Number of protein chains: 2
Amino acid sequence: MSGSTGTTARGPYRTGIRRREQIVATAITVFGEYGFAGGSIRTIADRVGVSHATLLQHFGSKEGLLTAVLQEWDRRTVEASLTDVAGLDYFRRLPEVMTAHLNNRGLLELFTTIAAEASSPAHPAHAFIQRRYTDNLATLATHLQQAVDAGEVAPLTPAEIEIEVRLVTAVLDGIGLQWLLDSSTDVTASVETYINRTIAAWSSGHR
Amino acid sequence: MSGSTGTTARGPYRTGIRRREQIVATAITVFGEYGFAGGSIRTIADRVGVSHATLLQHFGSKEGLLTAVLQEWDRRTVEASLTDVAGLDYFRRLPEVMTAHLNNRGLLELFTTIAAEASSPAHPAHAFIQRRYTDNLATLATHLQQAVDAGEVAPLTPAEIEIEVRLVTAVLDGIGLQWLLDSSTDVTASVETYINRTIAAWSSGHR
DNA sequence: GTCTATAGACTGATAGAC
DNA sequence: GTCTATCAGTCTATAGAC
């Protein structure tokens, strides 16, 4: 990626792009801490060490900054996702993926805060969060269906598959929130317990 | 309750108390929609049909109103909780309890939004939410331990019990959030699937 | 008990100098 | 590209009339 475009090399845009990344990174932590409504562009600008006007110059508006933040979150999430595994292996590796998430508290805090805030239809991130959940559930459903097709687990109806992937998502979200509220929460063990028991249930056909 | 104190009967405080209840009820929906940071006392006052000064007269400050809202939420939650069942039956009835919660979207929205917002230690509701989770987990742990003692399920270590009650809590929170984002989510079926499978695992000793 | 008026701080956003 | 200065609007909270 660092070849043809030249955006990461020396050039007229270099400092501007650095600044942009710096602002987005800071905005992630501030929106994570105070939510979108509670986090002001002045607070973000102060932490970066620039004026709030500079920030608006880069992103046009506060909502423009939110869009950039959500895109960056999306980018980093996709980057950390599992692309080399399919079927049941995808679920088997969820505990380690979740554990890796804990290294970046800000990102988890951002998603937890924004997802809850955006449950209201009027929130600027409402559509984004809805789509994100739909996509995530669909990905999980595809992998579970693959496991069924491969004979790794007993057959499941589409309705049952939806319940299963919603439960997996709920566990990841809920345990994440509990870890934010109490860092002594054993995230890895909890998710492992859930996944192991669930795969056992899928395999035996005792649903 | 409506006898000796006279607070619900005719008297000098009657209208004041009615107003207070009305304000708290409206504040629950507004804080649920916009969060504590995003929901202003002016928005609440407008919906009630009074000036914002009246509201501050009653609760002293915005944080005072939040305290009243959290107390009311606590009160209603305790009221709807299961006090007549113990041990495994407590878990067996969680699906119906959760389903009943869906009749009051505002209350669920409030808790989801505030819990996420309050994950930041600086939030005025941080201590309240932390205590609430600790208490809730302890209650669940007591019921599970009772089930163990009664021989309803195979033995569990304290660490295993903590994981189990955290998973139950995570499922309830996570499925609630998904329902807020997409009301077609089958909350009852999801929670029933989880509880049935979990009780089966506890009973068989295959953990 | 509720109102209007107002203080004082903070909000997002814009204009224009450098 | 970043700044200062400033705008209009909103915020929480208080004072004082009725």
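Per an unreviewed UniProt entry, chain A carries the name TetR family transcriptional regulator and comes from Micromonospora sagamiensis.

**Q** Sorry if this is basic, but what is going on with the overall build of chain A here?
**A** Each helix and strand counted, chain A has 10 helices and 0 strands in total. Written out in order from the N terminus, the α and β elements of chain A read α-α-α-α-α-α-α-α-α-α. C-alpha atoms of chain A, sized along the principal axes, occupy 60 × 40 × 35 Å. Within chain A, residue pairs in contact and separated by at least 24 positions form 68% of the contacts whose partners lie at least 6 positions apart. Positive and negative side-chain charges in chain A, numbering 18 and 22 respectively, have mean positions lying 10 Å apart.

**Q** Can you walk me through the interface of chain A and chain B in this structure?
**A** You'll often see interface size given as the accessible area lost when the parts meet. Counting from both sides, the interface comprises 42 residues of chain A and, opposite them, 42 residues of chain B. The largest contributions to the chain A side of the interface with chain B come from R166(A), L181(A) and R197(A), which together make up 21% of the buried area. In this assembly, chain A and chain B are joined by 4 salt bridges. When the shortest N-O distance is used, the salt bridge between R166(B) and D182(A) registers 3.0 Å. Scanning the region where chain A abuts chain B turns up 10 residue pairs in polar contact (both at pLDDT 80 or more). Among the elements of the structure, α1 (14–38), α7 (105–117), α8 (126–149), α9 (158–181) and α10 (187–204) of chain A are those that each provide at least two residues to the side of chain A that touches chain B. Counting residues per element, the side of chain A that touches chain B draws most heavily on α9(A), at 14 residues.

**Q** Help me out: how do you make sense of the protein's contact with DNA strand C in this one?
**A** Around DNA strand C, 17 residues are found, and the nearest of them are H52(A), K62(A), S51(B), T54(B) and H58(B). By atom count, sugar and phosphate contribute 54% of the portion of DNA strand C lying within 4 Å of the protein. In this structure, H52(A) approaches DNA strand C through a side-chain N or O atom, which is 2.4 Å from a base nitrogen. K62(A) is positioned such that a nitrogen or oxygen atom in its backbone is 2.7 Å from a phosphate oxygen of DNA strand C.

**Q** Hey, could you run me through the domain arrangement of chain A in this one?
**A** Residues and elements named next belong to chain A. Per the domain assignment, the segments of chain A are domain 1 (1–69) and domain 2 (80–207). Listed per partner, the contact involves 9 residues of domain 1 and 10 residues of domain 2. In total, about 740 Å² of surface goes out of reach between domain 1 and domain 2, with carbon and sulfur atoms giving 75% of it. It is I28, G32 and F36 that lose the most area in domain 1 upon contact with domain 2, and together they represent 48% of the buried surface on that side. Summed over the shared surface of domain 1 and domain 2, the result is 0 salt bridges. Run the count over domain 1 and domain 2 and you get 3 residue pairs in polar contact (both at pLDDT 80 or more). Mapped onto the side of domain 1 that touches domain 2, the elements with two or more residues apiece are α1 and α4 (62–80). With 6 residues, the single largest contributor to the side of domain 1 that touches domain 2 is α1.

**Q** How should I be thinking about the relation of the copies chain A and chain B in this particular structure?
**A** Turning one copy of the chain about an axis and sliding it along that axis gives the other copy, so a rotation and a shift relate them. Between chain A and chain B, which share one sequence, the superposing operator has a rotation angle of 180 degrees and an axial displacement of 0.0 Å; the RMSD is 0.0 Å. This pairing of chains is accounted for by a two-fold axis. The overlap is high: 100% of the interface residues of chain A also sit at the interface in chain B, so the same surface is used on both sides.

**Q** Please explain the nonpolar core as it appears in this structure.
**A** Burial of nonpolar side chains together is a common tendency in soluble globular proteins. Counting 69 residues, the largest nonpolar core has F91(A), Y194(A), F91(B) and Y194(B) as its most contacted members. If one sorts the elements of this core by residue count, α9(A) sits on top with 11 residues.

**Q** Quick question: what am I supposed to make of the protein's contact with DNA strand D here?
**A** For DNA strand D, the set of nearby residues contains 17 residues, the closest of which are S51(A), T54(A), R42(B), H52(B) and K62(B). The sugar-phosphate backbone supplies 50% of the atoms of DNA strand D found within 4 Å of the protein. One of the side-chain N or O atoms of T54(A) is found 2.5 Å from a phosphate oxygen in DNA strand D. Here a phosphate oxygen of DNA strand D sits 3.1 Å away from a polar atom, N or O, in the side chain of S40(B). Of all the secondary-structure elements, those providing two or more residues to the surface near DNA strand D are α3 (52–59) of chain A together with α2 (41–48) and α3 (52–59) of chain B. Among the residues forming the surface near DNA strand D, the class breakdown is 5 nonpolar, 8 polar and 4 charged.

**Q** I keep staring at the environment of P124(A) and nothing clicks. Help me out?
**A** Residues and elements named next belong to chain A. Looking at the secondary structure, you find P124 in the loop between α7 and α8. Expressed as a C-alpha distance, the spacing of P124 and L108, which sit 16 residues apart in the sequence, is 19 Å. The contact partners of P124, leaving out residues within four places of it in the chain, are F36, E63 and L66.

**Q** Got a minute to help me understand the confidence of the model for chain A in this structure?
**A** Should pLDDT be low for a region, the predicted coordinates there are not to be read in detail. Taken over all residues, the pLDDT of chain A has a mean of 94, while the share at 70 or more is 93%. Counting contacts from residues 1–7 of chain A, a segment whose pLDDT is below 50, to residues more than four positions away or on other chains yields 2 contacts.

**Q** I'm lost on the packing of aromatic side chains in this one. Help?
**A** Any pair of aromatic rings gets described here by the distance separating the centres and the angle formed by the planes. Taken as a whole and assessed by the stated rule, the structure comprises 13 aromatic pairs over all chains. Arranged with centres 6.0 Å apart and planes meeting at 75 degrees, the rings of Y90(A) and F91(A) form a pair that is edge-to-face. With a relative accessible area of 1%, F91(A) lands in the buried category. Looking at K62(B), its charged tip hangs above the ring of F36(B), at a distance of 4.5 Å from the centre. One cation-aromatic arrangement involves R105(B) over W179(B); the distance from NZ or CZ to the ring centre is 5.7 Å.

Criteria and thresholds
- Residues numbered from 1 in each chain as written.
- Chains lettered and ligands numbered in written order.
- Predicted model: local features only at pLDDT ≥ 70, side-chain atom pairs only at ≥ 80, totals over all residues.
- Heavy atoms only, no water.
- Helix = DSSP H or I, 4+ residues; strand = E, 2+ residues; numbered from the N terminus.
- Contact = heavy atoms within 4.5 Å.
- Lys, Arg positive; Asp, Glu negative; His and termini not counted.
- Charge placed at Lys NZ, Arg CZ, Asp CG, Glu CD.
- Buried area = accessible area lost by both parts, 1.4 Å probe.
- Salt bridge = Lys/Arg side-chain N within 4 Å of Asp/Glu carboxyl O.
- Polar contact = N/O pair within 3.5 Å; in protein donor to acceptor, adjacent residues only side chain to side chain.
- Near = heavy atom within 4 Å.
- Domains from an automatic or database assignment.
- Least-squares fit on C-alpha atoms with pLDDT ≥ 70 in both.
- Core = buried A, V, L, I, M, F, W, Y, C linked by side-chain atoms within 4.5 Å.
- Buried < 20%, exposed > 50% of the residue type's maximum accessible area, 1.4 Å probe, protein only.
- Nonpolar A, V, L, I, M, F, W, Y, C, P; charged D, E, K, R; others polar.
- pLDDT = per-residue confidence, 0-100.
- Phe/Tyr/Trp six-rings, centres within 6.5 Å; stacked < 30°, edge-to-face > 60°.
- Lys NZ or Arg CZ within 6 Å of the ring centre and 35° of its normal.

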